[in-house]
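# Analysis of the macromolecular model
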Amino acid sequence: MATYNTNEFRSGLKFMLDNDPYSIIENEFVKPGKGQAFSRVKIRNLKTGRVIEKTFKSGESVEAADVLETTLQYLYTDGEFWHFMDSQSFEQYAASEAAVAGSIKWIKEQDDCNVTLWNGNPLIVEAPNFVTLRITDTDPGLKGDTSGGGGKPATLETGAVIRVPLFVQVDEVVKVDTRSGEYVSRA
Amino acid sequence: MSREHNAHRPVASIRVLQQRASLLSEIRGYFAHRGVLEVETPLLSSSANPDAAIEPMQSGYRQPGSHRSQTLYLHTSPEFPMKRLLAAGSGSIFQICHTFRNGECGRLHNPEFTLLEWYRIDFDHFQLMDEVDALLIQLLPGCAAAERYRYADLFVTHTGLDLFSASPAQLRQRAESAGVVIPESAETGWLIEVLFELCVGSWLKQQQGVIVYDYPAAQASLSQLSTQDSRLAERFEYYFQGMELANGFHELADAAEQRQRFEAENSKRRQSGSEILPLDEHFLQALEDGLPDCSGVALGIDRLLMLRCGVDHIEEVLAFPFARNDE
């Protein structure tokens, strides 16, 4: 079992706490002039995304979390699981609804996604920062509008609803920033 | 521009370095005006402070032509040789020097830092608190006299637990709720220290100058125990906006008790597998000769400069902060 000493703490390090994997966001060294040293860390629970603060005694060890970030291709969903594949090894992975919750409305089959694997299972599936998706439904725009100016809702092929400029029509393909959920341009 | 490209350039601005020079000259002026003698003592010593929470850096001396090197330690405080001067009749003294502590690096720590340490003959720790106040009022614009609180009073106010009667289980539970990951080896003393740091510390951050005094005897370090209540030590700390600026003692003068405390620290070192450190026999001998009744305090110059310049990382007040290889 791999372990980390508190003196190895730095942002990005992943370790186990109360059976959950965490990633360090911030680590502060605290040491009174006359007294023992502590590590105060701000950590993110990789399962829930929740951020908490913890204090460790300096020199203590924690169990390393078997966490790996990789790129996997989205294949299909059977309604219960979302299936992904490593394009090099062809190994397949099944992600739970919780793992895809933040990304599923942006990805379509054959998209490459960043996936965090914990003990070999998908923990978080992230959509690419930019995706191009076809519009399946939107009101016909007003003539003469060239850009912006309020816009209108449009439904994408994945089911997500975004705001698009009035001139964008059904069946057009658009580029979307998945971090903000905003329309970027026609693709 | 990446930091690596600028690694050779000073981190502190020229304005901050001018502030540093002016701060040092104001401190020297303050003590000259009061007849406190400036001294210098060696940074290198064949002995070291065995305090189990402080780790010295090692160096060595080699005679020309010799292959054997004498182990020397960089001091972690100028305390012992300064007390040898006091015992030899120097009168009140001060020193501004670099000090070295292994493994201490962070927002408020540089492994090599500048310390102001001074000793006042015939002062008890309360008189010395008055002088720390007077000095800081002069050095920090807008600084008023510090509020003073007993350690135990702050502890009960901010943790809800009585310092002397709380059970280990209560301390543990309180520490857990404060987000402490409690190691199996956790002792009562450690739980108290971490609770003070977290619960009282977060309150201290919202205050200006605060002096904490009447420390628990377990944290006496080199101070006398109170003659009125042996559970307490005549030690104080000065905090400004939660940052520890100064640590002072009504100095322990009893050579036998001092040796016992050193040995207790070395036995903690033995238990934790750390290096056993050679004791400063010259210092112990000076205590045997007789240390005049005095109080002494150490004040971190770099942190004081941080407050003067309004910056929140120690690197910003150092021309060339310690370069970590791992970043």
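Predicted, not measured: the structure shown is a model, and the values here were computed from it.

Calculation rules
- Residues numbered from 1 in each chain as written.
- Chains lettered and ligands numbered in written order.
- Predicted model: local features only at pLDDT ≥ 70, side-chain atom pairs only at ≥ 80, totals over all residues.
- Helix = DSSP H or I, 4+ residues; strand = E, 2+ residues; numbered from the N terminus.
- Buried ≥ 20, exposed ≤ 12 C-beta atoms within 10 Å, placed from the backbone.
- Contact = placed C-beta atoms within 7 Å.
- Rg over C-alpha atoms; globule rule 2.2 N^0.38 Å.
- Core = buried A, V, L, I, M, F, W, Y, C linked by C-beta atoms within 7 Å.
- Pairing = 2+ DSSP bridges.
- Axes fitted to C-alpha atoms, helices over the stretch in contact; angles between N-to-C directions.
- Parallel < 35°, antiparallel > 145°, perpendicular 65-115°, else oblique.
- Nonpolar A, V, L, I, M, F, W, Y, C, P; charged D, E, K, R; others polar.
- Left-handed = near helix turned anticlockwise from the far one by under 90°.
- Expected span 1.5 Å × (residues − 1).
- Arc of directions from axis to C-beta.

## A few points about the overall build of chain B
Along its length, chain B carries nine helices and twelve strands. Once the C-alpha set of chain B is aligned to its principal axes, its extents read approximately 55 × 50 × 45 Å. Counting all 327 residues of chain B, 40% fall into the buried class. A sequence separation of at least 24 residues applies to 68% of the contacts in chain B between residues at least 6 apart.

## Structural notes on the overall build of chain A
Counting secondary structure elements, chain A contains one helix and 16 strands. In terms of C-alpha radius of gyration, chain A reaches 22 Å, well past the compact-globule figure of 16 Å for 187 residues. Across its three principal directions, the C-alpha atoms of chain A cover 75 × 40 × 25 Å. By residue count, 28% of the 187 residues in chain A fall in the buried class. Counting only contacts in chain A whose residues sit at least 6 apart along the sequence, the fraction spanning at least 24 positions is 44%.

## Side note on the nonpolar core
All names here are of chain B. Within the largest apolar cluster, 80 residues are counted, with the highest numbers of intra-cluster contacts made by Leu 116, Val 132, Val 194, Leu 195, Leu 299 and Ile 301. Per-element accounting of this core gives the leading share, ten residues, to helix α6 (residues 188-204). When near neighbours in sequence (up to four residues on either side) are disregarded, Leu 299 contacts Leu 116, Leu 245, Ala 246 and Leu 304.

## Digging into the sheet that holds strand β8 (residues 180-181) of chain B
Judged by pairing direction, the sheet is mixed, and its five strands sit side by side in the order β2(A)-β3(A)-β4(A)-β5(A)-β8(B) without closing on themselves. Because the sheet does not close on itself, it has two edges, and the strands there are β2 (14-17) of chain A together with β8 of chain B. Two strands pair when backbone bridges link them, and strand β5 (residues 51-57) of chain A and β8(B) are joined in this way by two bridges, in the parallel orientation. Following the sheet pairing, A:Phe56 is matched in β8(B) by B:Val181.

## Focus on the sheet that holds strand β10 (residues 232-240) of chain B
Residue and element names in this part refer to chain B. In space, the eight strands of this open sheet follow the order β1-β5-β6-β12-β11-β10-β9-β7, with mixed pairing throughout. Two strands lie at the open edges of the sheet, namely β1 (37-38) and β7 (147-150), each paired on one side alone. Relative to strand β6 (residues 112-121), strand β5 (residues 93-100) is paired through eight bridges, and the arrangement is antiparallel. Bridge pairing links Cys 97 to Leu 115 in β6.

## A word on the packing of helix α7 (residues 255-272) of chain B against helix α8 (residues 281-289) of chain B
Residue and element names in this part refer to chain B. Taken N-terminus to C-terminus, the directions of α7 and α8 make an angle of 155 degrees; their axes are 8 Å apart at the nearest point. Classified by the angle their axes make, α7 and α8 are roughly antiparallel. Residues Ala 255, Gln 258 and Arg 259 of α7 lie in contact with α8, whose contacting residues are Leu 284, Leu 287 and Glu 288.

## So, the interface of chain A and chain B
Opposite the 16 residues of chain A that make contact, chain B presents 19 residues. Take the side of chain A that touches chain B: its biggest share by element is five residues, from β5(A). Taken together, the residues that form the side of chain A that touches chain B break down as five nonpolar, four polar and seven charged.

## Let's talk about the packing of helix α2 (residues 79-87) of chain B against α8(B)
Residues and elements named next belong to chain B. Close contact between α2 and α8 brings their axes to 9 Å; oriented N to C, the two are set at 30 degrees. Judged by the inter-axis angle, α2 sits roughly parallel to α8. Here the hand of the crossing between α2 and α8 comes out left-handed. Facing α2, whose interface residues are Phe 80, Lys 83, Arg 84 and Ala 87, α8 presents His 282, Phe 283, Ala 286, Leu 287 and Asp 289.

## Overview of helix α1 (residues 14-33) of chain B
All names here are of chain B. Taking 1.5 Å as the rise per residue, α1 with 20 residues should run 28 Å; its terminal C-alpha atoms sit 29 Å apart, in good agreement. Residues of α1 that are buried: Val 16, Arg 20, Leu 23 and Ile 27. All buried residues of α1 project into a common sector of 65 degrees when viewed along the axis, lining one side. For α1, exposure combined with an orientation more than 90 degrees from the buried face picks out Ile 14, Arg 15, Gln 18, Ala 21, Ser 25, Glu 26, Gly 29, Ala 32 and His 33. Tucked inside the fold, the buried residues of α1 contact β5, β6, α3 (125-139) and α9 (301-309). Within two residues after α1, Gly 35 carries a phi angle of roughly 70 degrees, on the positive side.

## With respect to the pairing of strand β4 (residues 38-45) of chain A
All names here are of chain A. Looking at chain direction, strand β3 (residues 20-30) and β4 are connected through eight bridges and run antiparallel. The residue of β4 that forms the bridge with Ile 24 is Ile 43. Alignment of β4 against β5, held across seven bridges, turns out to be antiparallel. For Ile 43, the partnering residue across the bridge sits in β5 and is Ile 52. Hairpin geometry of β4 and β5 is characterised by an intervening segment of five residues between the two adjacent antiparallel strands and by a positive phi of about 80 degrees at Gly 49.

## Quick notes on the pairing of strand β14 (residues 161-164) of chain A
All names here are of chain A. Residues Ile 162 and Val 164 of β14 are buried on one face, while the alternating residues Val 161 and Arg 163, pointing to the opposite face, are not. By the bridge criterion, four bridges tie strand β13 (residues 152-156) to β14 in an arrangement that is antiparallel. Following the sheet pairing, Ala 154 is matched in β14 by Ile 162. In this antiparallel pair of consecutive strands, β13 and β14, the connection spans four residues, and Gly 159 shows a positive phi of 105 degrees.

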